[in-house]
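# Topology and contacts: notes
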Amino acid sequence: MTEDIPMTLVSDTEAVAIDPAEFLPLSIDKSRLLAGESYAHFSPAPPKLPAPPSNTEDSDYLVLGVDEAGRGPVLGPMVYSAFYLPRKLHHSLLTKEYNFNDSKVLTPGVRANLMRILCTKGSSLYESCGWATKLLSARDISSGMMRPAAGGYNLNAQAMDATIELIRGVVEERKMNVREVYIDTVGNPASYQKKLEMVFPSLRITVAKKADSLYPCVSAASVVAKVTRDVALEVCYEVFEENGGEGDGWGSGYPSDSKCVGWLRNNMEPVFGWGNECRFSWGTAKEMIELKGGVKVDWPVDEDNTQLMDFLLAFGGTSKGPDQEVREWFGKKTTEVL
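Residues numbered from 1 in each chain as written. Predicted model: local features only at pLDDT ≥ 70, side-chain atom pairs only at ≥ 80, totals over all residues. Heavy atoms only, no water.

For the rest of this paragraph, the subject is helix H5 (residues 138-145). Considered for burial, the residues of H5 that qualify are Ala 138, Ile 141, Ser 142 and Gly 144. Angularly, the buried residues of H5 cover 160° about the axis, an arc narrow enough to put them on a single face. Residues of H5 that are buried in the fold lie against strand S3 (78-86), strand S4 (130-136) and helix H6 (155-173). (Buried < 20%, exposed > 50% of the residue type's maximum accessible area, 1.4 Å probe, protein only. Helix = DSSP H or I, 4+ residues; strand = E, 2+ residues; numbered from the N terminus. Arc of directions from axis to C-beta. Contact = heavy atoms within 4.5 Å.)

This brings us to the sheet that holds S4. Spatially, the 6 strands line up as an open sheet ordered S1-S4-S3-S2-S5-S6, and their pairing is mixed. Across the chains shown, the open sheet's two edge strands, defined by having one partner strand only, are strand S1 (39-42) and strand S6 (204-208). Looking at each pair of strands side by side, their axes are set apart by 15° on average, direction ignored. Sheet topology note: the S3/S4 ladder contains 7 bridges and is antiparallel. Across the sheet, the residue bridging to Met 78 is Leu 136, located in S4. (Pairing = 2+ DSSP bridges. Axes fitted to C-alpha atoms, helices over the stretch in contact; angles between N-to-C directions.)

A few words now on the packing of helix H2 (residues 90-97) against helix H8 (residues 216-242). Where H2 meets H8, the axes come as close as 9 Å, and the angle between the chain directions of the two elements is 50°. In this view, H2 runs oblique relative to H8, as classed from their interaxial angle. Our pair here, H2 against H8, has a crossing hand that is left-handed. Contacts between H2 and H8 pair His 90, His 91, Leu 94 and Thr 95 from the former with Pro 216, Cys 217 and Ala 220 from the latter. Looking at the contact of H2 with H8 residue by residue, the classes come out as 4 nonpolar, 3 polar and no charged. (Parallel < 35°, antiparallel > 145°, perpendicular 65-115°, else oblique. Left-handed = near helix turned anticlockwise from the far one by under 90°. Nonpolar A, V, L, I, M, F, W, Y, C, P; charged D, E, K, R; others polar.)

Here we take up the side chain of His 90. Its place among the elements puts His 90 in helix H2. A relative accessible area of 6% means that His 90 is categorised as buried. Among the polar contacts listed, one links the side chain of His 90 to the backbone nitrogen of Cys 217, at a separation of 3.0 Å. Not counting residues within four places of it along the chain, the set of residues in contact with His 90 comprises Val 63, Leu 85, Tyr 215, Pro 216 and Cys 217. (Polar contact = N/O pair within 3.5 Å; in protein donor to acceptor, adjacent residues only side chain to side chain.)

What follows deals with the pattern of salt bridges. Per the stated rule, a full pass over the model turns up 9 salt bridges. Ionic pairing is found between Asp 140 and Arg 139, a salt bridge with its closest N-O pair at 3.3 Å. Arg 139 sits in the partly exposed class, given a relative accessible area of 36%. Between Glu 172 and Arg 168 there is a salt bridge whose closest N-O contact spans 3.4 Å. In this pair, Glu 172 and Arg 168 both sit in helix H6, 4 residues apart, roughly one turn of the helix. We classify Arg 168 as partly exposed; its relative accessible area is 32%. (Salt bridge = Lys/Arg side-chain N within 4 Å of Asp/Glu carboxyl O.)

Right, dumping it as structure tokens:
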């Protein structure tokens with residue numbers, strides 16, 4: 001039984017400090033994070049799962065909650081999380097024993113401690129609960145949103161795909177006996193739920209606003225997502241400092257955070273802006289580049305060479321020949337690590 005901890009209202013745009021040297025969640029893959037990649041992480045199957053599923057309605061099936069952290073920031077990833085456990089433990093374990101709640105209502109220290117316990121072998125959370133995260137990098141979020149209009153991949157579509165990937169990974173790929181799914185949403189719950197029911201017709205899906213304060217498994221998912229994002233930000237900032245960067249932090253990463261805006265303004269490279277930590281599709285970044293000192297670059301285009309490259313890419317074969325030699329004049333693919 002954990003000690004009851006006072007729950008203080010904490011703004012979602014607060015600046016937090018979780019030291020990665022003291023606690024690095026399993027959901028953090030440093031190499032992929034720093035490379036600007038999006039990736040998913042699935043925890044091992046909980047050791048104390050119920051017996052294999054039966055056809056009876058009263059079997060101890062699993063419930064699963066989904067929530068996200070970092071939808072609005074200009075810096076850092078957006079993280080989706082799924083959290084699942086036996087239905088019979090849904091309330092007793094998460095609310096009575098461990099005091100899970102909407103992550104915004106918990107202090108950073110409480111959130112980090114809950115995540116640490118979840119990752120500790122032998123704890124009742126580790127033994128009975130499973131979880132997964134999908135980290136969508138700032139780079140990939142922006143590249144999707146900034147595609148030409150017809151091929152645009154907006155944030156809602158990216159969020160839907162992340163949710164589907166997590167549920168599918170738990171239910172279909174890892175064969176977990178999930179029957180009920182609860183999801184927090186910022187959009188229209190009815191349309192969101194209908195789309196997911198078409199993808200997962202065998203699941204009982206409930207999509208609701210403020211689900212993170214209504215369903216404990218969603219509260220737990222919100223904690224996992226928030227801690228993962230907070231630590232991801234700290235890891236990225238540590239590398240910034242190691243590479244000679246100076247300052248007193250970049251805050252929460254939200255456009256409403258003056259520390260974040262100040263960091264963007266003071267660390268903008270005139271041509272390339274910022275690194276993989278920045279969402280270039282956000283208005284804050286766009287405005288700063290366009291109006292506050294960004295250098296406009298006009299790349300020369302050789303129409304003859306462009307047309308030739310288009311032709312070769314469309315019709316060129318893989319065998320070595322004259323066409324291959326011409327293509328290699330423009331450069332060739334290499335797997336060498338520089």
